[in-house]
Amino acid sequence: MEIWKSYIEGYYEASNQGRIRSVDRVLIFKGSPGVRKGVVLKQTLNSKGYLTVIICKDGERKTEYVHRIIAKVFIENPLNKPEVNHKNGRHTEIQDNAVENLESCTYDENILHAYENNLTSTGNVKLSEAEVSEIKYLIKAGLSNP
């Protein structure tokens, strides 16, 4: 079942299934009120292979990552971990941004997940076994980068 929660109050909502939509709202155009119907936003792949949407508020447009919006709205993050990991290692389809496929993580945890699951691509730096061991040690000791 799809659950929608507010992302930007009065403007946007996020779904547990990885979708973002605008909400119905009243606008004044040439002195007359009118209703702008909400719609599910089109998601596009950016150059890094992540799905993004364009968010407009108060005349300003900005591009945001869908997985970050979903995580912010649905995932508790009491340790304030700065990154979002795709558990299945994929991020190109809407279902890859479903809340059950996302988790908050540190940079080190994200890199370690990619390494352990053979998700590094040709553009990424490969870690040595010693570096992997050090990252694992730091994560277990609670000393990884915030």
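Residues numbered from 1 in each chain as written. Predicted model: local features only at pLDDT ≥ 70, side-chain atom pairs only at ≥ 80, totals over all residues. Heavy atoms only, no water.

So, the side chain of Arg25
Along the chain, Arg25 falls in strand β4 (residues 25–29). Despite being buried, Arg25 has no salt bridge partner; Asp24 is the closest side chain of opposite charge, sitting 8.2 Å away. With near-sequence residues (within four places) excluded, Arg25 lies in contact with Gly10, Tyr11, Gly34, Val35 and Arg36. (Helix = DSSP H or I, 4+ residues; strand = E, 2+ residues; numbered from the N terminus. Buried < 20%, exposed > 50% of the residue type's maximum accessible area, 1.4 Å probe, protein only. Lys, Arg positive; Asp, Glu negative; His and termini not counted. Salt bridge = Lys/Arg side-chain N within 4 Å of Asp/Glu carboxyl O. Contact = heavy atoms within 4.5 Å.)

Some remarks on the pattern of salt bridges
According to the stated counting rule, one finds six salt bridges in the structure shown. Between Glu13 and Arg21 there is a salt bridge; the shortest N-O distance is 2.7 Å. Arg21 sits in the partly exposed class, given a relative accessible area of 27%. A salt bridge links Lys62 to Glu64; the shortest N-O distance between them is 3.7 Å.

Quick notes on helix α1 (residues 66–74)
For the α-helix, the turn length of 3.6 residues means that residues three or four positions removed from each other point alike. The buried count for α1 comes to seven of nine residues, which makes it a mostly enclosed element. Within the sequence span of α1, burial applies to Val66, His67, Ile69, Ile70, Ala71, Val73 and Phe74.

Some details on the sheet that holds strand β8 (residues 60–65)
As summarised here, the arrangement of the three strands in space is β6-β7-β8, forming an open sheet in which the pairing is antiparallel. Each end of this open sheet is capped by a strand with a single partner; those strands are β6 (44–45) and β8. Note: strand β7 (residues 51–57) against β8, six bridges, orientation antiparallel. Along β8, the bridge assignment pairs Lys57 with Glu60. (Pairing = 2+ DSSP bridges.)

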